[in-house]
Amino acid sequence: MTTDVLVIGSLNFDILIQQDRLPHLGETFTGNGMMMMPGGKGANQAVQCARLGLTVNMVGCVGQDMYGQELLQSLEKYQVATQNIKRCGTSGVGIVQIMKEGDYCSTIIKGANYHITAADLKDAFFSDRPLVILQSEIPPSVVDEAVKKAVRFGCTVLLNNAPAREIAAETLRQVNYLVVNETEAAFMLGTPVKDVTQANDAALQLSQRINGTVIVTLGEKGAVVKSAEMLQHFPAKPCANVVDTTGAGDAFIGALAWSLVRQRSLSEAIPFAASVSALAIQKYGGQSAFPTLSDIEAQQVSANVT
Ligand code: RIB
C-alpha cells in the first residue's frame, strides 16, 4: 500500500492537569482534575492525518514501559502504521497544564523520543514520495537526515519547528512548508510576534530562509501565509466552546497535510485547517478530540441550519 504521509516525530504520554492558574514558585496549588492520554506532536499530527482518511506511516520511539504500549495502541486504533516505531528506554512524557479558558502550557520529558537515530531512517520509507512531516521533539540530527532523504526521494517536506529550536540553515533551506506559532516564530527571529502585522513581517523574513511557504499561526487571531503567490492573513474560525487548546496546532497541521496530499490550494487549505483546529479545541485531549471528515461535514451542516 502506498503511504500518503510519513511522520517522523515524537510520541509522549500526556498528563493533563486542569487548574485555574499556574502556581507561584514555592507554592503548592490545588488543581481541579487530571487526565492521562496519548500525545506528542508527531503522534498527534499522524492521528489527525489518519482521522481525515490519509494513509500514515510513523517513525519514532516509545519506551519499553506500559506507556509505550498505550502510545502504540492509540496509533493503531486510528490506523496509523506503527511497524517503524522502536521501543527503547522510557517513554516521553508531556505535562500539560490547562487553564479555565482552555489555554495551556506544557513541559515535555524527551525520554525515548531521543533514541531515534539517523540510521533508523530507511530509504524505503521515502521511496513512494510521501509528504514528510517533522517536528522538533526528536534529535536535530534525525530531522537533518530526514530532510536530506526526503529531498533525495522527491518528497514534500513540512517542518513544524515546535518546540522552537535552532535549525541548521542547510536543512531549513530544503523545507517546503514551515509552520510555526507566534512564540516559535519569535524564537527563530529574535523579535516579538504578537499580532498580525508582526506575523506578516515574521513570515516574510522566515520565507527568505526556506524553499517554499511559511505559515505563522496566531491562535484566535488566525494565521498568516507567505507563499510565492501570497502574503495573506486568514482569520480563525469563531469558536464559543473552547475547553482545551493543547492539540490545536497538531490538528491544524494534520488538516493542512490532508489538503496538500489532495492538492488543494492554500486559499482552501488554511480555512479548512482552521475549521479542523476549531473543532479539536472543543473537547479535552489531543488524539481523541481530532475530527473526521464526517465530523467536519456535520459541523458545517449545523452551522448552516442555525
Ligand atoms: O502539541 C501538543 C503536544 O505537545 C502534547 O501532546 C505534548 O505531548 C507535546 O508534545
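All of these numbers come straight from a predicted model, not from anything done at the bench. (Residues numbered from 1 in each chain as written. Predicted model: local features only at pLDDT ≥ 70, side-chain atom pairs only at ≥ 80, totals over all residues. Heavy atoms only, no water.)

1. Some thoughts on the overall build of the protein chain
For step 1, the next point in the chain: Secondary structure assignment for the protein chain yields 10 helices and 14 strands.
For step 2, the next point in the chain: Against the 2.2 N^0.38 benchmark of 19 Å for 306 residues, the protein chain shows a C-alpha radius of gyration of 18 Å, consistent with a compact globule.
For step 3, the next point in the chain: A principal-axis box enclosing the C-alpha atoms of the protein chain has dimensions of 50 × 45 × 40 Å.
For step 4, the next point in the chain: By residue count, 53% of the 306 residues in the protein chain fall in the buried class.
For step 5, the next point in the chain: Total accessible area on the protein chain stands at roughly 13,600 Å², and carbon and sulfur atoms take up 52% of it.
For step 6, the next point in the chain: Each charge class in the protein chain was averaged separately, 23 positive and 28 negative side chains, and the resulting centres sit 4 Å apart. (Helix = DSSP H or I, 4+ residues; strand = E, 2+ residues; numbered from the N terminus. Rg over C-alpha atoms; globule rule 2.2 N^0.38 Å. Buried < 20%, exposed > 50% of the residue type's maximum accessible area, 1.4 Å probe, protein only. Areas by Shrake-Rupley, 256 points an atom, 1.4 Å probe, with all protein chains shown as cover. Lys, Arg positive; Asp, Glu negative; His and termini not counted. Charge placed at Lys NZ, Arg CZ, Asp CG, Glu CD.)

2. Looking at the site of the ligand
For step 1, the next point in the chain: As a matter of local geometry, the ligand sits amid Asn12, Asp14, Gly39, Gly40, Lys41, Asn44, Ile108, Glu137, Thr246 and Asp250.
For step 2, the next point in the chain: Aspartate 250 places a polar side-chain atom, nitrogen or oxygen, 2.7 Å from an oxygen atom of the ligand.
For step 3, the next point in the chain: Protein chains shield 98% of the accessible area of the ligand, which is 280 Å² for the free molecule.
For step 4, the next point in the chain: Listed by contribution, the elements that provide at least two residues to the shell around the ligand are strand 2 (12-18) and helix 1 (41-51).
For step 5, the next point in the chain: Here the shell around the ligand is composed, by residue class, of one nonpolar, five polar and four charged. (Near = heavy atom within 4 Å. Polar contact = N/O pair within 3.5 Å; in protein donor to acceptor, adjacent residues only side chain to side chain. Nonpolar A, V, L, I, M, F, W, Y, C, P; charged D, E, K, R; others polar.)

3. Observations regarding the sheet that holds strand 2
For step 1, the next point in the chain: Within the open sheet, the four strands sit side by side as 3-2-7-8. Their pairing is mixed. Each edge of the open sheet is held by one strand with a lone partner, namely strand 3 (33-39) and strand 8 (104-109). Across the sheet, the mean angle separating the axes of adjacent strands is 20° when strand polarity is ignored.
For step 2, the next point in the chain: Pairing analysis gives seven bridges linking strand 2 to strand 3, with the strands arranged antiparallel. Paired with glutamine 18 across the bridge in strand 3 is glycine 33. (Pairing = 2+ DSSP bridges. Axes fitted to C-alpha atoms, helices over the stretch in contact; angles between N-to-C directions.)

4. Let's talk about the environment of asparagine 113
For step 1, the next point in the chain: By the secondary structure assignment, asparagine 113 is in the loop between strand 8 and helix 3 (123-126).
For step 2, the next point in the chain: Residues asparagine 113 and arginine 51, 62 residues apart in the sequence, show an inter-C-alpha distance of 23 Å.
For step 3, the next point in the chain: Engagement of the side chain of asparagine 113 in a polar contact is seen with the side chain of asparagine 12, the distance being 2.8 Å.

5. Observations regarding the UniProt feature "binding site: substrate" (unreviewed entry) in the protein chain
For step 1, the next point in the chain: Taking the numbering used here, the UniProt-annotated feature "binding site: substrate" (unreviewed entry) corresponds to Asn12, Phe13, Asp14, Gly40, Lys41, Gly42, Ala43, Asn44, Glu137 and Asp250.
For step 2, the next point in the chain: Turning to its location among the elements, phenylalanine 13 is positioned in strand 2.
For step 3, the next point in the chain: For aspartate 14, a relative accessible area of 8% puts it in the buried group.
For step 4, the next point in the chain: Ignoring anything within four residues of it in the chain, the contact list for aspartate 14 reads Met35, Met36, Met37, Pro38, Gly39, Gly40, Gly94 and Val96. (UniProt positions renumbered as here; feature names shortened; annotations may be inferred. Contact = heavy atoms within 4.5 Å.)

6. Examining the environment of leucine 16
For step 1, the next point in the chain: With respect to the element layout, leucine 16 can be found in strand 2.
For step 2, the next point in the chain: Between the C-alpha atom of leucine 16 and that of arginine 262, which follows or precedes it by 246 residues, the distance is 34 Å.
For step 3, the next point in the chain: Contact partners of leucine 16, with chain neighbours within four places excluded, come to Gly33, Met34, Met35, Met37, Val96, Ile98, Asp244 and Gly285.

7. Regarding the pattern of salt bridges
For step 1, the next point in the chain: With the rule as written, the count across this model stands at four salt bridges.
For step 2, the next point in the chain: Between arginine 21 and glutamate 27 there is a salt bridge; the shortest N-O distance is 2.7 Å.
For step 3, the next point in the chain: We classify glutamate 27 as partly exposed; its relative accessible area is 30%.
For step 4, the next point in the chain: A salt bridge links aspartate 120 to lysine 86; the shortest N-O distance between them is 3.0 Å. Remark: lysine 86 occurs in strand 6 (residues 85-87) and aspartate 120 occurs in the loop between strand 8 and helix 3; sequence separation between them is 34 residues.
For step 5, the next point in the chain: By relative accessible area, which is 29% here, lysine 86 ends up partly exposed. (Salt bridge = Lys/Arg side-chain N within 4 Å of Asp/Glu carboxyl O.)

8. Observations concerning the nonpolar core
For step 1, the next point in the chain: One finds Val56, Met58, Ile133, Leu158, Leu256 and Ile270 to be the most contacted residues of the largest nonpolar core, which totals 48 residues.
For step 2, the next point in the chain: Leaving out residues up to four positions away in the same chain, methionine 58 has contacts with Val7, Gly9, Ser10, Leu11, Gly42, Ala43, Ala46, Leu75, Val80, Ala81, Asn84 and Ile85.
For step 3, the next point in the chain: Phe153, Val180, Ala202 and Val214 belong to the second largest nonpolar core, which has 40 residues in total. (Core = buried A, V, L, I, M, F, W, Y, C linked by side-chain atoms within 4.5 Å.)

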